[in-house]
Amino acid sequence: MNSKIAIQRAKQALEKQDSNGYANFNNWDYEDAFNKELTDWYRRQDWGTNQRKEQEEESEMIIDDLQVFLTEKKMSISNYEFFSDSVKLPENYRYYNKLVVTCSKDKCLNQNIPSKLVESSNTQEYLSDWNFSPDFDFEQCFHIIIGNKVRVFHNNNFTINSIKLTYFRSPKKISCDIRDMDTEWEVKEDVAELIIDGAIKNLAGNIENITANQLAKERTINNN
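Residues numbered from 1 in each chain as written. Predicted model: local features only at pLDDT ≥ 70, side-chain atom pairs only at ≥ 80, totals over all residues. Heavy atoms only, no water.

J.: Help me understand the environment of Arg43 in this model?
T.: Following the sequence through the fold, Arg43 ends up in helix 2 (residues 27–47). With a relative accessible area of 43%, Arg43 lands in the partly exposed category. (Helix = DSSP H or I, 4+ residues; strand = E, 2+ residues; numbered from the N terminus. Buried < 20%, exposed > 50% of the residue type's maximum accessible area, 1.4 Å probe, protein only.)

Rendered as structure tokens:
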């Protein structure tokens, strides 16, 4: 899918027999509508507000839809007495997926252990609870996201060398600039159709095209 085809689809759906209501939209209007719907679709996959209430990576289809956005980055850290802070989150960071901590203790160097994301308000409880407190031997620790950084708690039980963050990056913006009309969108074809339908629904509301609005809404609900 590219912007040229997407705009043609949108114009065809929005066209009224008795008027050219859709002609009032310029390329910027279509670009804005496509990107808003892309953002909404992306957030629905992460939070599970689709019809089946599935969240990120909870079905093969969602895994396949989101895999293009999944990326990982090794991040350096600054060590403090009971925790370590990472550098700033990547600029293209959108949603969290998982974290692996590389740490050392005594003669055991550069061991990878998983880390659990917890609420900031619960850190003291986790630190004082033997079942959850950071422990190198049990290969467990926890972290929070605060101030656009990852804070990993080690409770002075081991030394953190680095962390590897797996996250969902921001999607590339859809451009309807004349120079980018033939550039392929990075989402799959069926996802692109959902984005177009959502954009049509929003644009149809602007020109009170009830038929186009209802048809696009029905297609979006059935396929989300």
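J.: In this structure, what is going on with the environment of Thr159? I would like to understand it.
T.: Structurally, Thr159 is set in strand 8 (residues 159–169). A residue is classified by how much of its surface remains accessible, and Thr159, at 43% relative accessible area, is partly exposed. For the pair Thr159 and Tyr80, spaced 79 residues apart in sequence, the C-alpha separation works out to 9.7 Å. Setting aside anything within four residues of it in sequence, one finds Thr159 in contact with Asn79, Thr102, Cys103 and Ser104. (Contact = heavy atoms within 4.5 Å.)

J.: Explanation requested: the environment of Lys188 in the structure shown.
T.: Along the chain, Lys188 falls in the loop between strand 8 and helix 5 (189–206). Looking at Lys188, the relative accessible area reads 29%, which means it is partly exposed. Between the C-alpha atom of Lys188 and that of Leu66, which follows or precedes it by 122 residues, the distance is 9.7 Å. Dropping the residues within four chain positions of it, Lys188 is found in contact with Asp64 and Asp65.

J.: Help me understand the nonpolar core, please; the structure alone is not making it clear to me.
T.: What tends to happen in soluble globular proteins is that the nonpolar side chains get buried as a cluster. Residues Tyr30, Phe34, Trp41, Trp185, Val187 and Ile195 are the most contacted members of the largest nonpolar core, which totals 31 residues. Among the secondary structure elements, those contributing two or more residues to this core are helix 1 (3–14), helix 2, helix 3 (60–66) and helix 5. Considering every element that reaches this core, the biggest residue donor is helix 5, with nine residues. Ranked by size, the runner-up nonpolar core spans 18 residues in total, among them Met75, Ile77, Leu89 and Val101. (Core = buried A, V, L, I, M, F, W, Y, C linked by side-chain atoms within 4.5 Å.)

J.: Looking at this model, I keep getting lost on the sheet that holds strand 8. Mind explaining?
T.: One key point about sheets: their strands pair by backbone hydrogen bonds, in either a parallel or an antiparallel sense. Spatially, 1-8-4-5-6-7-3-2 is the arrangement adopted by the eight strands of the open sheet, whose pairing is mixed. One side of each edge strand has no neighbouring strand; the edge strands of this open sheet are strand 1 (70–75) and strand 2 (77–79). Strand after strand, the sheet turns through a mean of 30° between neighbouring axes, direction not considered. Where strand 6 (residues 141–146) and strand 7 (residues 149–153) come together, five bridges link them in antiparallel fashion. (Pairing = 2+ DSSP bridges. Axes fitted to C-alpha atoms, helices over the stretch in contact; angles between N-to-C directions.)

Any functional reading would require information that these geometric values do not contain.
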